[in-house]
Amino acid sequence: MTSEQINDATAYAEGSLFDDADDVRGYFTVANMAAMFEPGDPGLALTEAQLASMADEVIENRWHMAKGADCPRCEGTVSQQTWTSGGRTIHGGMECEACDWTETDGRPCDKCGVYVPADEYTGADRPDGTTEYLCPDCPTDYPGGE
Ligand SMILES: [Zn+2]
Ligand SMILES: [Zn+2]
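For clarity, every value in this text was computed on a predicted model and none was experimentally measured. (Residues numbered from 1 in each chain as written. Chains lettered and ligands numbered in written order. Predicted model: local features only at pLDDT ≥ 70, side-chain atom pairs only at ≥ 80, totals over all residues.)

Caption draft 1: Here's a closer look at the nonpolar core. Residues Val24, Phe28, Met54, Ala55 and Val58 are the most contacted members of the largest nonpolar core, which totals 13 residues. Top contributing element to this core by residue count: helix 4 (residues 48–61), with four residues. Sequence-distant contacts of Val58, defined by excluding residues within four places in its chain, comprise Ile6, Tyr12, Val24, Trp63 and His64. Counting residues in each nonpolar core, the second largest holds five residues, with Cys71, Val78, Met94 and Trp101 among its members. (Core = buried A, V, L, I, M, F, W, Y, C linked by C-beta atoms within 7 Å. Buried ≥ 20, exposed ≤ 12 C-beta atoms within 10 Å, placed from the backbone. Helix = DSSP H or I, 4+ residues; strand = E, 2+ residues; numbered from the N terminus. Contact = placed C-beta atoms within 7 Å.)

Here you go:
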């Protein structure tokens, strides 16, 4: 799900930022949805399992969380850029406050961990449909790769 879809169902991004993962999990519960919403709102139709998987996604992506994840390029932290438009909170990409890294700039090599800019990575498609993200020094594990 996207952060917009989760927000449409649970309005999680309308309130204050979550402090940590426990804070997120506490929000995504049937009891909390029942306390927040009026009958007929989509949040009331969600099961505990659906809410838990939304919470996992929010935590993994650091959506609407006060403390960001570690920057892949420097010692700084990355957090999600947000802004408001027409009264709605819009969620943009992850960005580092220290070095201006954004999530489209690249990430560490899957094998050796060296930082690789997005226009320099190599790697083949895996059988499961994902793509290797490798630095130019690490060979691909799959035939047909670069
Ligand atoms: Zn950084
Ligand atoms: Zn590498």
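Caption draft 2: Spatial organisation of the pairing of strand 2 (residues 77–85). Note that strand 1 (residues 69–70) and strand 2 share two bridges and pair antiparallel. For Asp70, the partnering residue across the bridge sits in strand 2 and is Thr77. The loop that links strand 1 with its antiparallel partner strand 2 comprises six residues. Here strand 2 runs beside strand 3 (residues 88–96); their pairing, made up of seven bridges, is antiparallel. What sits directly across from Ser79, in strand 3, is Glu95. The antiparallel hairpin formed by strand 2 and strand 3 contains two residues in its connecting segment, where Gly86 sits at a positive phi of about 60°. (Pairing = 2+ DSSP bridges.)

Caption draft 3: Structural view of the sheet that holds strand 3. Strand order across the open sheet formed by three strands is 1-2-3, with antiparallel pairing between neighbours. Either end of the sheet is taken by a strand with one partner, and the two such strands are strand 1 and strand 3.

Caption draft 4: Main features of the domain arrangement of the protein chain. Entries for the protein chain in the domain assignment read domain 1 (3–61) and domain 2 (106–146). When each unit is reduced to the centre of its C-alpha atoms, the spacing between domain 1 and domain 2 is 35 Å. (Domains from an automatic or database assignment.)

Caption draft 5: Region of interest: helix 1 (residues 3–10). All of the buried residues in helix 1 are Ser3, Ile6, Asn7, Ala9 and Thr10. All buried residues of helix 1 project into a common sector of 165° when viewed along the axis, lining one side. Phi turns positive, to about 60°, at Ala11, one or two residues after helix 1. (Arc of directions from axis to C-beta.)

Caption draft 6: Just unusual backbone geometry, in detail. Phi is positive for His64, close to 60°, though the residue is something other than glycine. Mapped onto the elements of the fold, His64 is located in the loop between helix 4 and strand 1. The phi dihedral of Asp100 falls on the positive side, at around 65°, and the residue is not glycine. Structurally, the position occupied by Asp100 is in the loop between strand 3 and strand 4 (106–108). Residue class for Asp100 comes out exposed when judged on the 12 C-beta atoms lying within 10 Å of it.

Caption draft 7: Up close: the environment of Ile59. For Ile59, the position within the fold is in helix 4. Ile59 sits 34 residues away from Arg25 along the chain, and the two C-alpha atoms are 8.7 Å apart. Sequence-distant contacts of Ile59, defined by excluding residues within four places in its chain, comprise Ala21 and Val24.

Caption draft 8: Region of the structure containing helix 4. The end-to-end C-alpha distance of helix 4, which contains 14 residues, comes to 20 Å, matching closely the 20 Å that a straight helix rising 1.5 Å per residue would cover. Every buried residue of helix 4 is listed here: Leu51, Met54, Ala55 and Val58. Summarising the axial view, the buried residues of helix 4 lie within an arc of 105°, below the 170-degree limit, and thus occupy one face. Exposed residues lying more than 90 degrees from the buried face of helix 4 are Ala49 and Glu60. Packed against the buried residues of helix 4 are helix 1, helix 2 (21–27) and helix 3 (30–36). Positive phi appears at Arg62, one or two residues downstream of helix 4, with a value of about 60°. (Expected span 1.5 Å × (residues − 1).)

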